[in-house]
Amino acid sequence: MATQTTSHSTLETSTAAPLIRQILIQTQYELLLTLRRGENVLVTLIVPVMLLIFFASLNIVPAVNGSAINFLLPGILALAVMAAGMVNLGIATAYERHYGVLKRLGSSPLPRSGLIIAKVISILILEVIQVLILVGVAIVLYGWQLSGVPVLALLTLVLGTVTFAALGLAMAGALRAELTLAGANALFLLFILLGGGILPLSHLPAPLAAISQVLPATALTQALQATMTNGAPFPGFSLLVLAIWTVIILVVAIYTFRWE
């Protein structure tokens, strides 16, 4: 019996290690492809920084705890999550499906679950870079200081990542590549305008403000604003709305995604 148990453990180890290596290699491949796509670098790394600097220089952004950057940075971080998950991942995966890349990967030793894990890891790495760049710009140029509940803010970022990565994969798996390209960019623009991260919802007409309250972009933005501000109440409603969207979008992505 002991010999059987030992051999079984050895078998598990020998099969798990190659899978981990395959996922890490695929993650490296995903990151290299992202860096080679100039439009991806523009959307995921450069546009959020440009938005932060541009709107921080205007007088239309309200001050929170004495500084406009305290209001603006959480919203720009939310937009960065959307850019990485919904726009970058969604469009890249859609064209991989269009050109048959996913079909060929499906016949490789790497299982589809490993491919998804590699894509998610690559998005998380991109977001770490985004956060470091945006926070660095906020500290150097505007004197931003860490506040609020950082652990809860990080958990909110992770939940937002799952939500918008699932949204990108849902579009990529159900729509043609051209429609995913148009739809992801259109939603990104819509979330910039209605997400409450750059301009407060009070600046919007009442009907639009009411609609935006139930959008995932607004929920993510408001949750980050609360968790990154000293003395702000717990964003229970925003986190609930974001969690509901996460479940809905994940279910849609699972049932509609096609690999070829």
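What counts and how
- Residues numbered from 1 in each chain as written.
- Predicted model: local features only at pLDDT ≥ 70, side-chain atom pairs only at ≥ 80, totals over all residues.
- Heavy atoms only, no water.
- Phe/Tyr/Trp six-rings, centres within 6.5 Å; stacked < 30°, edge-to-face > 60°.
- Helix = DSSP H or I, 4+ residues; strand = E, 2+ residues; numbered from the N terminus.
- Buried < 20%, exposed > 50% of the residue type's maximum accessible area, 1.4 Å probe, protein only.
- Axes fitted to C-alpha atoms, helices over the stretch in contact; angles between N-to-C directions.
- Parallel < 35°, antiparallel > 145°, perpendicular 65-115°, else oblique.
- Contact = heavy atoms within 4.5 Å.
- Nonpolar A, V, L, I, M, F, W, Y, C, P; charged D, E, K, R; others polar.
- 1 Å grid on protein atoms, 1.4 Å probe; cavity = no way out; pocket = protein on both sides within 12 Å on 5 of 7 lines; lining within 4 Å.
- Points joined across faces, edges and corners; volume = space filled by probe spheres on them.
- Salt bridge = Lys/Arg side-chain N within 4 Å of Asp/Glu carboxyl O.

A. A look at the packing of aromatic side chains. Considering all chains together, one arrives at three aromatic pairs under this definition. Seen from their ring centres, Phe 164 and Phe 191 are 6.0 Å apart, and the 75° between their planes marks the pair as edge-to-face. Here Phe 191 lies in helix H7 (residues 177-194) and Phe 164 lies in helix H6 (residues 150-174), a separation of 27 residues in the sequence. Its relative accessible area of 0% is what places Phe 164 among the buried residues. Of the residues examined, Phe 191 reaches a relative accessible area of 5% and is grouped as buried.

B. Focus on the packing of H6 against helix H9 (residues 216-227). With their axes 9 Å apart at the nearest point, H6 and H9 run at an angle of 170° to one another. Our classification of the angle between H6 and H9 gives roughly antiparallel. Note on element contacts: H9 touches H6 through Pro 216, Ala 217, Leu 220, Ala 223, Leu 224 and Thr 227, opposite Pro 150, Leu 152, Ala 153, Thr 156, Leu 157, Gly 160, Thr 163 and Phe 164. In terms of residue class, the contact of H6 with H9 is built from ten nonpolar, four polar and no charged.

C. Spatial organisation of the layout of surface pockets. In this structure, the largest pocket occupies an estimated 280 Å³ of space. Lining the largest pocket we find 15 residues, and of these Ile 116, Ala 166, Leu 169, Leu 250 and Ala 253 sit closest to its centre. For the lining of the largest pocket, the secondary structure elements donating two or more residues are helix H5 (112-142), H6 and helix H10 (236-256). When residues in the lining of the largest pocket are grouped by element, the largest group, six residues, is from H6. A class-by-class count of the residues in the lining of the largest pocket yields 14 nonpolar, one polar and no charged.

D. A look at the pattern of salt bridges. With the rule as written, the count across this model stands at three salt bridges. Across the pair Glu 96 and Lys 119 runs a salt bridge whose closest N-O atoms are separated by 2.8 Å. Note that Glu 96 is positioned in helix H3 (residues 69-98) and Lys 119 in helix H5, a separation of 23 residues in sequence. A single burial state applies to Glu 96 and to Lys 119, both of which are buried. One continuous salt-bridge network, built from bridges that share partners, spans Glu 30, Glu 96 and Lys 119.

None of this, on its own, says anything about what the molecule does.
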